[in-house]
Amino acid sequence: MTVSGSTSPPGGGFPATTFFSKTYDEAQDLVVEAMNYAKYSGEMTEGPQAQSLLCSVESLRLTARLSQILAWLLFQRVVHAGELPPEQAVEPANRLGGQEICNERGGEHMMVVPAGLRDLLLRRRKLYQRIARLDEMIARDLDANNTVTSDLEAISPPTDPLL
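Residues numbered from 1 in each chain as written. Predicted model: local features only at pLDDT ≥ 70, side-chain atom pairs only at ≥ 80, totals over all residues. Heavy atoms only, no water.

**Thoughts on the overall build of the protein**
Part 1: Looking only at helices and strands, the protein has four helices and zero strands in total.
Part 2: Of the regular secondary structure in the protein, the N- to C-terminal order runs α-α-α-α.
Part 3: Taking the intrachain contacts of the protein between residues at least 6 apart in sequence as the baseline, contacts between residues at least 24 apart amount to 70%.
Part 4: Split by element, the accessible area of the protein, about 9,600 Å² in all, is 59% carbon and sulfur. (Helix = DSSP H or I, 4+ residues; strand = E, 2+ residues; numbered from the N terminus. Contact = heavy atoms within 4.5 Å. Areas by Shrake-Rupley, 256 points an atom, 1.4 Å probe, with all protein chains shown as cover.)

As structure tokens, then:
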């Protein structure tokens, strides 16, 4: 599934761009890479039990955060396809959540975490930050569109069927 072109859905919102497709593909690739790392890398089980436990926790956090990113991207795809109105993209339940947790420094900066997992965690964090900026941009754009629409409605003369 690839979204291309440069049009926006009716009412504003997320534009269909090559950037969006590449971001979606990057998120999917990162999920697959994280899954393969967890499945095939022996790095996570090496070392003391506390280190293995930390690696397991960070791996679960990685998976949960990537799932959140993909869910947001898929929702935006549905909005762009016209299956849902753009206004639903700014409802709290549909916004990108967990910013306090997802933006805090975690295992990507702990030297006891294997280098491969640290790299995945850092790339996930950077991807999350880009998605968070997109989420804010969409909310700002939709708010601006709604403000302009309501301002135009406020200054438009009333329609009188007799005129």
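**Considerations on the pattern of salt bridges**
Part 1: Considering all chains together, one arrives at six salt bridges under this definition.
Part 2: One salt bridge connects Glu26 with Arg130, and the closest N-O pair in it is separated by 2.4 Å. Pair noted here: Glu26 is in helix α1 (residues 18–40) and Arg130 is in helix α4 (residues 115–155), with a separation of 104 residues, a long-range link.
Part 3: Judged by relative accessible area, Arg130 falls into the partly exposed class, the value being 23%.
Part 4: For Arg95, the salt bridge identified is with Asp135, shortest N-O distance 2.7 Å. Taken together, the residues span a long stretch of sequence, with Arg95 in the loop between α2 (49–80) and α3 (99–102) and Asp135 in helix α4 at a distance of 40 residues.
Part 5: With a relative accessible area of 2%, Asp135 lands in the buried category.
Part 6: Sharing partners across several salt bridges, the network here consists of Glu33, Asp119 and Arg123. (Salt bridge = Lys/Arg side-chain N within 4 Å of Asp/Glu carboxyl O. Buried < 20%, exposed > 50% of the residue type's maximum accessible area, 1.4 Å probe, protein only.)

**A few points about α2**
Part 1: Along its 32 residues, α2 runs 47 Å from first to last C-alpha, staying within 8% of the 46 Å computed at 1.5 Å per residue.
Part 2: Looking one or two residues past α2, Gly82 carries a phi angle of roughly 85°, positive in sign. (Expected span 1.5 Å × (residues − 1).)

**Here's the deal with the nonpolar core**
One broad rule of soluble globular proteins: the nonpolar side chains tend to lie buried together.
Part 1: Counting 29 residues, the largest nonpolar core has Ile69, Leu73 and Ile131 as its most contacted members.
Part 2: When residues of this core are traced back to their parent elements, those giving at least two are α1, α2 and α4.
Part 3: Here this core takes 10 residues from α4, the largest share from any one element.
Part 4: In this structure Leu73 touches Phe20, Thr23, Tyr24, Ala27 and Ile131, once residues within four positions along its chain are discounted. (Core = buried A, V, L, I, M, F, W, Y, C linked by side-chain atoms within 4.5 Å.)

**Some points on the packing of aromatic side chains**
Part 1: Taken as a whole and judged by the stated rule, the model has zero aromatic pairs.
Part 2: Between the NZ or CZ atom of Arg77 and the centre of the ring of Tyr24, over which it lies, the distance is 4.1 Å. (Phe/Tyr/Trp six-rings, centres within 6.5 Å; stacked < 30°, edge-to-face > 60°. Lys NZ or Arg CZ within 6 Å of the ring centre and 35° of its normal.)

**A closer look at the environment of Leu84**
Part 1: Here Leu84 shows up in the loop between α2 and α3.
Part 2: Overall, Leu84 belongs to the partly exposed group, its relative accessible area being 25%.
Part 3: Not counting residues up to four positions away in its chain, the partners in contact with Leu84 are Phe75, Val78 and Val79.

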